[in-house]
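Coordinates in review
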Amino acid sequence: MPLTYFDAFTQFGPRPRSHGSQPWTLDHLIAELQHCSISGALVACTMQTQYDAMHENRRLSKTLEPYDWLFPIWNVHPHWTHEMPAPDDLVKMLGDHDVRAVTIYPQTNQWFLGSATSRPLFDALQKSRTLTIIDYRDVDLSQQLDIEGLLGDFPDLPILLRGVAWSQQRKVVPWLIAHRNAHIAFDYFQICNGIEYLSAYGLEDQLIYCSNAPQMSAGAHRLYVDYADVSDAVKRKVAGENLSRLLKGLKPPRDYVNSDEDSLMTEARHGQPLSTLVLDMHAHIVHAGVNGLGAGTVTVHGDPAGMVKLNKRLGVDGVGIMNWHGTVGVDSQAGTDCARDALDAFPDYYWGLGTFDVMHETAETMRAQMESLYADHRFLGLKPYPQYGIRYDDPRYDAWWRFGDERGLYCGLHPTLWWEEAEFDGICPKWPNMTVVGYHVGGDYVFADHAINLAKKYPNFMCEPTLTPSCCGVIDYIAQGAGVDRLMYGSDQPMRDPRPQLGWVVYSRLSLDDKKQVLGGNAKRLLDGIRARQR
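Residues numbered from 1 in each chain as written. Predicted model: local features only at pLDDT ≥ 70, side-chain atom pairs only at ≥ 80, totals over all residues. Heavy atoms only, no water.

Enumeration according to the criterion identifies 22 aromatic pairs in this entry. Geometrically, the ring pair formed by Trp 400 and Trp 401 is edge-to-face, given 5.9 Å between the ring centres and 65° between the ring planes. Judged by relative accessible area, which is 1%, Trp 401 ranks as buried. One aromatic cluster is present, built from ring pairs that chain together Phe 356, Tyr 374, Phe 379, Tyr 392, Tyr 397, Trp 400, Trp 401 and Phe 403. Against the face of Phe 9 rests Arg 162, its NZ or CZ located 3.9 Å from the ring centre. (Phe/Tyr/Trp six-rings, centres within 6.5 Å; stacked < 30°, edge-to-face > 60°. Buried < 20%, exposed > 50% of the residue type's maximum accessible area, 1.4 Å probe, protein only. Lys NZ or Arg CZ within 6 Å of the ring centre and 35° of its normal.)

Right under this line is the structure:
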């Protein structure tokens, strides 16, 4: 059954040093929410931190008056410098303007979250049980433990954490378990199987849909909920019921469904497997039963069997896997063995990419390793990684690219220099028979500009957009600039859940036929060509 979505955080307004093509206006926000069938939203404005908060709070409330499905969030901070009303007066003003949620930005607005001088503000917000939204990225590392103190000292104050990266699970999940007034938004917290495993902890009342549109894609985030492997009752809570409860019963005045949605959007909105071909060009693999990837990365049920189960739920027909050991962990042989184990376990679902130790091995040794590995025709690509500390246009990589060029393989490149075109200029024209797939080109509009330039210069360059920010509109921007035939879906799972990345494409503004090309048609054409040359 389709869900009614109530978005816990959106934000329009100008941003310093932003790309001119990035959506930013209230009209952009409304268009994105309606395109993705979002029925209501809490709305903030960037100017609430870039200018006097109270002036901009009032202006925001006035701006939103014509829209009965959009509800203002006010930005607040301690009152000592005469910019903000005293706490009790502030709470009264919130009531007078029917504002039921506030944001705090201690780093941007330069005040101490854990200071005794901040307690009067939190005492007043707790007394009124006003939902308080904290952008985790705006809390300095030295003050992050103050969030835990805030949760404990003000147990009746509902707090929503947003902007939490997927790498922060070991810090944040214990807070959710220990403090029932803690709530988590999934804008950046795109953790693998997150709704499923957090619900298994009994935390379903603390999970909140939040898109951060129009910076991010609202559709990317709703797919995370629509395809969650939990009961419909839990989905309804995450989609909007939890937020309505925290806002003392406030909810969208009506359900909204985009009457112009295409068939893929309809399937996704109903949580049905997509009926078109879907091939994931960017995924990692770990050992069976492993939930931790080292450093800050946790991936629950992100092993080969868990990935197959989740992806089949989405309608994904195949996944290209590169090992984690050999890329991020720079243990190339162990990583290759791990990838081969996954191919053996699921031979009809995965294909593989190989990684070799360019730091320590000679060109001759790597060539011999490649001859051996690619005798197994399930391996179709090459996967270097920045952790090896060597630019891809360095001569030490020539053994890789010569082999790839001779065999007509593809390579997947996470740039060592984060989208300096020169690195690709040293590869694409020199090895024209190898397809170069640039990873993460949708990370922002600047990345996209570089990828578009490369696609225009080199017929063997392809674009794969995946990255956590799931920038609103950038899929369409790349397709228009580079050509839709140069863009392919990838997820970077399991360190990040694949559903938001898939939703990013499904809820783009591309035509239905173009979406089908991006989701699977372009990858099939590439992979079929490689397999034909292997015969």
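With an omega of 0°, the peptide bond between Ala 213 and Pro 214 qualifies as cis. The topology assignment puts Pro 214 in the loop between strand E9 (207-208) and helix H9 (218-226). Residues Gln 493 and Pro 494 are joined by a peptide bond in cis, for which omega reads 5°. You can see Pro 494 is positioned in the loop between helix H18 (474-482) and helix H19 (498-506). Despite not being glycine, Asn 193 has its phi angle at roughly 55°, a positive value. Looking at the element boundaries, Asn 193 is found in the loop between strand E8 (182-185) and helix H8 (194-200). (Helix = DSSP H or I, 4+ residues; strand = E, 2+ residues; numbered from the N terminus.)

Here the focus is the nonpolar core. Grouped together as the largest cluster of nonpolar side chains are 167 residues, with contacts concentrated most on Tyr 350, Trp 401, Tyr 410 and Phe 461. Here this core gets seven residues from one element, more than from any other, and that element is helix H17 (residues 445-457). Beyond its immediate chain neighbours, meaning those up to four positions away, Phe 461 contacts Trp 419, Phe 424, Cys 428, Val 436, Gly 438, Ala 451, Leu 454, Ala 455 and Arg 486. (Core = buried A, V, L, I, M, F, W, Y, C linked by side-chain atoms within 4.5 Å. Contact = heavy atoms within 4.5 Å.)

With respect to the secondary-structure elements, Thr 466 resides in the loop between strand E16 (461-464) and H18. One polar contact links the side chain of Thr 466 to the main-chain carbonyl oxygen of Ser 491, over a distance of 3.2 Å. Of the polar contacts made by the side chain of Thr 466, one reaches the side chain of Arg 496; its length is 3.2 Å. (Polar contact = N/O pair within 3.5 Å; in protein donor to acceptor, adjacent residues only side chain to side chain.)

Within a regular strand, side chains alternate between the sheet's two faces. Most of strand E10 (residues 279-285) is tucked away, with seven of its seven residues classed as buried. As paired strands, E10 and strand E11 (residues 318-323) are joined by five bridges and run parallel to one another. Bridge assignment links Ile 285 to a residue of E11, and that residue is Asn 323. Between the parallel elements E10 and E11, the chain passes through helix H12 (residues 304-314) in a crossover that is right-handed. (Pairing = 2+ DSSP bridges. Right-handed = clockwise from strand over helix to strand, strands pointing away.)

Where charged atoms of side chains with opposite charge meet at close range, the side chains can pair. A full pass over the atoms with the stated rule returns 33 salt bridges. The closest approach of N and O atoms between Arg 129 and Asp 156, which form a salt bridge, is 3.6 Å. With Arg 129 in the loop between helix H5 (119-127) and strand E6 (131-135) and Asp 156 in the loop between helix H6 (144-153) and strand E7 (159-162), the pair connects residues that are 27 residues apart, well separated along the chain. Between Asp 229 and Arg 313 there is a salt bridge, and its shortest N-O distance comes to 3.4 Å. One end of the pair, Asp 229, is in the loop between H9 and helix H10 (232-246); the other, Arg 313, is in helix H12, with 84 residues separating them in the sequence. Of the residues examined, Arg 313 reaches a relative accessible area of 28% and is grouped as partly exposed. (Salt bridge = Lys/Arg side-chain N within 4 Å of Asp/Glu carboxyl O.)

Where H9 meets H19, the closest approach of the two axes is 7 Å, and the angle between their N-to-C directions is 135°. By the angle between their axes, H9 is oblique relative to H19. Between H9 and H19 lies a crossing of right-handed hand. Between H9 and H19, the contacting residues are Gly 219, Ala 220, Leu 223 and Tyr 224 on the first element and Arg 499, Pro 500, Leu 502, Gly 503 and Trp 504 on the second. In terms of residue class, the contact of H9 with H19 is built from six nonpolar, two polar and one charged. (Axes fitted to C-alpha atoms, helices over the stretch in contact; angles between N-to-C directions. Parallel < 35°, antiparallel > 145°, perpendicular 65-115°, else oblique. Left-handed = near helix turned anticlockwise from the far one by under 90°. Nonpolar A, V, L, I, M, F, W, Y, C, P; charged D, E, K, R; others polar.)

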